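An overview of the molecular structure
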Amino acid sequence: MVKFAELEQPKQVQQHLPVALTAAQAGIPGLQLHPEFITPEQEAALLQHIEQQPWQQLSKRRVQHYGFCFDYSQRGVDAQQRLGPLPEWVQLVVQRMEALPDVLPLDQLTVNEYTPGVGLSAHIDTHSAFSGAILSLSLAGGCIMEFRRPVGSSSSSSAANGSSMTPIAAAGAAAAAAGDGGGDSSSSSAGEAALQQVQVYLPPRALLVMGGESRYAWQHYIPHRKADWVNGQLLPRAARRVSLTFRQVRGRPCACAFPQFCDSQLAPPDSVVERKSHPADSGWMWMLLFMALVYQCCRVEQ
Ligand SMILES: O=C(O)CCC(=O)C(=O)O
Ligand SMILES: [Fe+2]
């Protein structure tokens, strides 16, 4: 079973930050943004097909899975459990996506429905679960998607001058390593680490392609809020945003160029991610034990 890394979101609201409307403005290597990738008619047809399929209710949003099932308890997919090919009604779009640079043949689709106020926690889609680029097609509504990664760990300098890139301080950056459950920033051994953060606006019908560094080294997330500030304009979230996330399920370990973020290339999580604090780990516990010992010794002396 392969896992899906999910991390805490930064707490601060950043209304003042510029929001990228194009991939060039975002400046994240490997990121592509294709506005109006589909027509309003194609969007309506996709929504109609989706509406005829059964939804799985999660705590805050509804989802559908095609190709392979996504196991939320494990935050991963079982590559041995194939549901079947992607549905007929999505094939035309899939063919166009597969013609884009960096996109491998796609065999897994997750449909997410977000209502206003609902977002998605920060994560890097698990390296060992999916090969190559991750694609997200937005339907019905738009939202800001935010990207972040620790400053100074970039393998490419092309990101440095991105107009929408802002260094911020946030805790627990090292937990971005693909280990699961490393999101307790207060217990991270990395302490406060500087992050680069980029906000990208995803309008309906736009296709986002996360390839290369943007897929393997940057966390992405959707803030849980009811409106987005986009360059001075407050855009209320639509009644719903439906996203189609396309991926290729990986059959073998990941050998990407970002081992610090790669669960295939890291040692088992216990040895690299600081475990959550246990009472016995605290200095106070040892101090109490020591005092009890001294007390016992003193009593024996008497
Ligand atoms: O809703 C989206 O656009 C992104 C979904 C996503 O990041 C994911 O399913 O891993
Ligand atoms: Fe994702």
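Residues numbered from 1 in each chain as written. Chains lettered and ligands numbered in written order. Predicted model: local features only at pLDDT ≥ 70, side-chain atom pairs only at ≥ 80, totals over all residues. Heavy atoms only, no water.

For clarity, the threshold we go by: UniProt positions are given in the numbering used here, feature names are shortened, and annotations may be inferred rather than shown by experiment.
The name given to the chain in an unreviewed UniProt entry is Fe2OG dioxygenase domain-containing protein, and the organism recorded there is Tetradesmus obliquus. What UniProt records for the chain under Sequence similarities (unreviewed entry) is the sentence "Belongs to the alkB family."

Description of unusual backbone geometry
To be explicit about the condition: Counting from the N terminus, the helices are the DSSP runs of H or I reaching at least four residues and the strands are the DSSP runs of E reaching at least two. Buried, partly exposed and exposed residues are distinguished by accessible area as a fraction of the type maximum, computed with a 1.4 Å probe on protein chains only: under 20%, between the cut-offs, and over 50%, respectively.
In the Ramachandran plot, Arg-205 falls in the positive-phi region, its phi being about 80° despite a non-glycine side chain. One non-glycine residue, Asn-231, lies in positive phi territory at about 50°. Counting through the fold element by element, Asn-231 comes out in the loop between β16 (227-230) and β17 (233-236). The class of Asn-231 is partly exposed, set by a relative accessible area of 43%.

Some remarks on the side chain of Gln-64
Going by this rule: Here a polar contact is recorded for every N or O atom pair within 3.5 Å, except that within protein the pair must consist of a potential hydrogen donor and a potential acceptor, and residues adjacent in sequence are included only if both atoms are side-chain atoms. By the convention used here, residues are in contact when the closest approach between their heavy atoms is within 4.5 Å.
Along the chain, the position of Gln-64 falls in strand β5 (residues 62-66). Gln-64 sits in the buried class, given a relative accessible area of 2%. Polar side-chain contacts of Gln-64 include one of 2.9 Å to the backbone oxygen of Ile-50. Beyond its immediate stretch of four places on either side in the chain, Gln-64 contacts Ile-50, Gln-53, Pro-54, Trp-55, Leu-109, Thr-110 and Val-111.

Overview of the site of ligand 1
Just so we agree on the cut-off: Nearness is judged by heavy atoms alone; a residue qualifies as near a molecule or strand once a single heavy atom is within 4 Å of it. Residues are sorted three ways: Asp, Glu, Lys and Arg are charged, Ala, Val, Leu, Ile, Met, Phe, Trp, Tyr, Cys and Pro are nonpolar, and all the rest, Gly among them, are polar.
Within the structure, ligand 1 sits among 14 residues, and Tyr-114, Ser-136, Arg-241, Ser-243 and Arg-247 are positioned closest to it. Here an oxygen atom of ligand 1 and a side-chain polar atom of Arg-241 are 2.8 Å apart. At 2.9 Å from an oxygen atom of ligand 1 is found a side-chain nitrogen or oxygen belonging to Arg-247. For the shell around ligand 1, the secondary-structure elements that each account for two or more residues are β8 (108-114), β9 (120-124), β15 (219-222) and β18 (241-249). Ranked by the residues each element gives to the shell around ligand 1, the list is headed by β18, at four residues. In terms of residue class, the shell around ligand 1 is made up of five nonpolar, six polar and three charged.

A few points about the packing of aromatic side chains
Selection rule: In this analysis, rings of Phe, Tyr and Trp, with Trp reduced to its six-membered ring, are considered paired at centre separations within 6.5 Å, and the interplanar angle assigns stacked below 30 degrees, edge-to-face beyond 60, and tilted for intermediate values. The criterion for a charge sitting over a ring is simple: Lys NZ or Arg CZ within 6 Å of the ring centre, and within 35 degrees of the ring normal.
One pass over the full model with this rule turns up three aromatic pairs. Between Phe-70 and Tyr-72 the ring centres are 4.9 Å apart and the planes differ by 50°, which places this aromatic pair in the tilted class. The class of Phe-70 is buried, set by a relative accessible area of 4%. Arranged with centres 6.5 Å apart and planes meeting at 25°, the rings of Tyr-216 and Phe-258 form a pair that is stacked. Of the two residues, Tyr-216 is situated in helix α4 (residues 212-216) and Phe-258 in the loop between β18 and α5 (269-272); the sequence distance between them amounts to 42 residues. Since its relative accessible area comes to 11%, Tyr-216 is described here as buried. Over the ring of Phe-37 we find Arg-96; its NZ or CZ atom is 4.1 Å from the centre of that ring. Here the guanidinium or amino end of Arg-247 rests over the ring plane of Phe-130, the centre of that ring lying 4.5 Å away.

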